[in-house]
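# Report on the structure
Take a look at the letters that make up each chain.
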Amino acid sequence: MGARARLRDVAERLEPPPRAVDWSLFAFVAAEVATGLVSFTVGVPEGWPLFWLHRALGLAIIALLAWKLARVRRRLTDPSRWRRSTALSVLTLVAALGALSTGIVWVVGLDVRISHWTLLSVHVGFGLALLPLVAAHAATRFRLPRRVDFERRRTAVRYAVLLAAGAATYRLQQGVGDLLDTGGADRRFTGSQPREGDGNGAFPITSWVADDPDPIDRDGYRLRVDGLVSDPVELTAEELDAGHEREALLDCTSGWYTVQEWGGIRIGDLLDAAGGVDAGGSGDAGDSDRDPAYVRFTSVTGYRWSLPLDEAEDALLATHVGGERLSHGHGAPARLVAPDRRGFQWVKWVTRVEVRSEYDVGQWVVTLVSGFD
Ligand SMILES: Nc1nc2c(c(=O)[nH]1)N[C@H]1C(S)=C(S)[C@@H](COP(=O)(O)O)O[C@H]1N2
Ligand SMILES: [Mo]
């Protein structure tokens, strides 16, 4: 058998029944959106399996999509078979190919930019558009999956092989990339690429959608420290400039990272300046809404994030980066430096630090919409 015939043979033996292909395409896309979004919250290396799963699922989708297209291509190429739903099918296909191609080119390590968007951001856009399209597409040709489509052990083996092949392909690509030195070597497990150098100019300014405040007047600026502390205070920019220094890595979900020396005040010291956390309820046990558990950092724009108290104490409110005073774009007069957290949690232009007893669910929404009037 020639190589081509053998490949075809393997592909045929692996191909799941048509309905299973359709439903697993839907399920895999949903899993991609889920793993992709959750990966945005992962900042520590132990989270690597999630990134691998995302890549393996993506490569498996290529095989599923190829089977599907081989089966339905006449519906697309034969005008007499066009229906109103064909437009939706084509749109879904375009989004799928967009998400796959941007994902692949990103992984291979080419640092293509589309205006100021990194390829990863474009990939996220395609991926988020794809999910509702796939759902609508599935609805136009709705057929419930049948037990027989998935029941056989053979099917489970097929999917296992698919995912393993995806992971192996990714690993192979990594090896080839290292050999050819295509710039994959200094990537993080998150896929982020390095931005080298020290200080304000060394890394991009990244703000969500509309979070674009006017520069803050340094003399008029006050940081309020309150909530469950003994003596709420307001501090000047000068007072935050406490000379505490630490190196920390900022890893943005748009696909870059930078290691910088940050300077400012340790949050633990900041809370001490407000008399320390106030466990006021300690006398009457059970009064848990007085137990200090989180520290919330709020920007002048409303953007906010909280860290568990223990973690927060060791974090930094930075006034300096790489020995320079922070520029406006990077969050002057003061921004949160939260080691091991992804960049979007490093709140810029912080005006309030508040010790709280409860987890702040609203931060997930506020982070996306802050800055919109
Ligand atoms: N107030 C506020 N803080 C913010 C943001 C924002 O849009 N508004 N963007 C976040 C994101 S997504 C990242 S990656 C980092 C980027 O910091 P930099 O702009 O200094 O590079 O800031 C974070 N802090
Ligand atoms: Mo970011």
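Structural notes, computed from the coordinates.

Calculation rules
Residues numbered from 1 in each chain as written. Chains lettered and ligands numbered in written order. Predicted model: local features only at pLDDT ≥ 70, side-chain atom pairs only at ≥ 80, totals over all residues. Heavy atoms only, no water. Pairing = 2+ DSSP bridges. Helix = DSSP H or I, 4+ residues; strand = E, 2+ residues; numbered from the N terminus. Axes fitted to C-alpha atoms, helices over the stretch in contact; angles between N-to-C directions. 1 Å grid on protein atoms, 1.4 Å probe; cavity = no way out; pocket = protein on both sides within 12 Å on 5 of 7 lines; lining within 4 Å. Points joined across faces, edges and corners; volume = space filled by probe spheres on them. Nonpolar A, V, L, I, M, F, W, Y, C, P; charged D, E, K, R; others polar. Patch = residues over 30% accessible without salt bridge, like charges linked within 9 Å, V, L, I, M, F, W, Y side chains within 5 Å. Areas by Shrake-Rupley, 256 points an atom, 1.4 Å probe, with all protein chains shown as cover. Salt bridge = Lys/Arg side-chain N within 4 Å of Asp/Glu carboxyl O. Lys, Arg positive; Asp, Glu negative; His and termini not counted. Charge placed at Lys NZ, Arg CZ, Asp CG, Glu CD. Buried < 20%, exposed > 50% of the residue type's maximum accessible area, 1.4 Å probe, protein only.

A separate point is the sheet that holds strand S8 (residues 294-299). Read from one edge of the open sheet, five strands run S5-S4-S13-S8-S9, paired in mixed fashion. On the outer flanks of this sheet lie strand S5 (233-235) and strand S9 (304-308), each paired with one strand and no other. Going across the sheet, the axis of each strand differs from the next one's by a mean of 20°, ignoring polarity. Of the strand pairs in this sheet, S8 and strand S13 (residues 350-356) are connected by six bridges, and their pairing is antiparallel. From the neighbouring strand, Val 295 faces S13, where its bridge partner is Val 355.

Here we take up the layout of surface pockets. Volume-wise, the largest pocket comes out at about 1300 Å³. Considering the residues around the largest pocket, the lining is formed by 42 residues, among which Thr 206, Ser 207, Trp 208, Cys 252 and Ser 254 are closest to the centre. Listed by contribution, the elements that provide at least two residues to the lining of the largest pocket are strand S2 (117-118), helix H5 (119-140), strand S6 (244-252) and helix H11 (363-369). The biggest single contributor to the lining of the largest pocket is H5, with four residues. By residue class, the composition of the lining of the largest pocket is 21 nonpolar, 15 polar and six charged. In this structure, the second largest pocket spans a volume of roughly 780 Å³.

The grouping of Asp 198, Glu 245, Glu 247, Glu 261 and Glu 324 at the surface amounts to a negative patch. Note on Glu 261: relative accessible area 32%, which makes it partly exposed.

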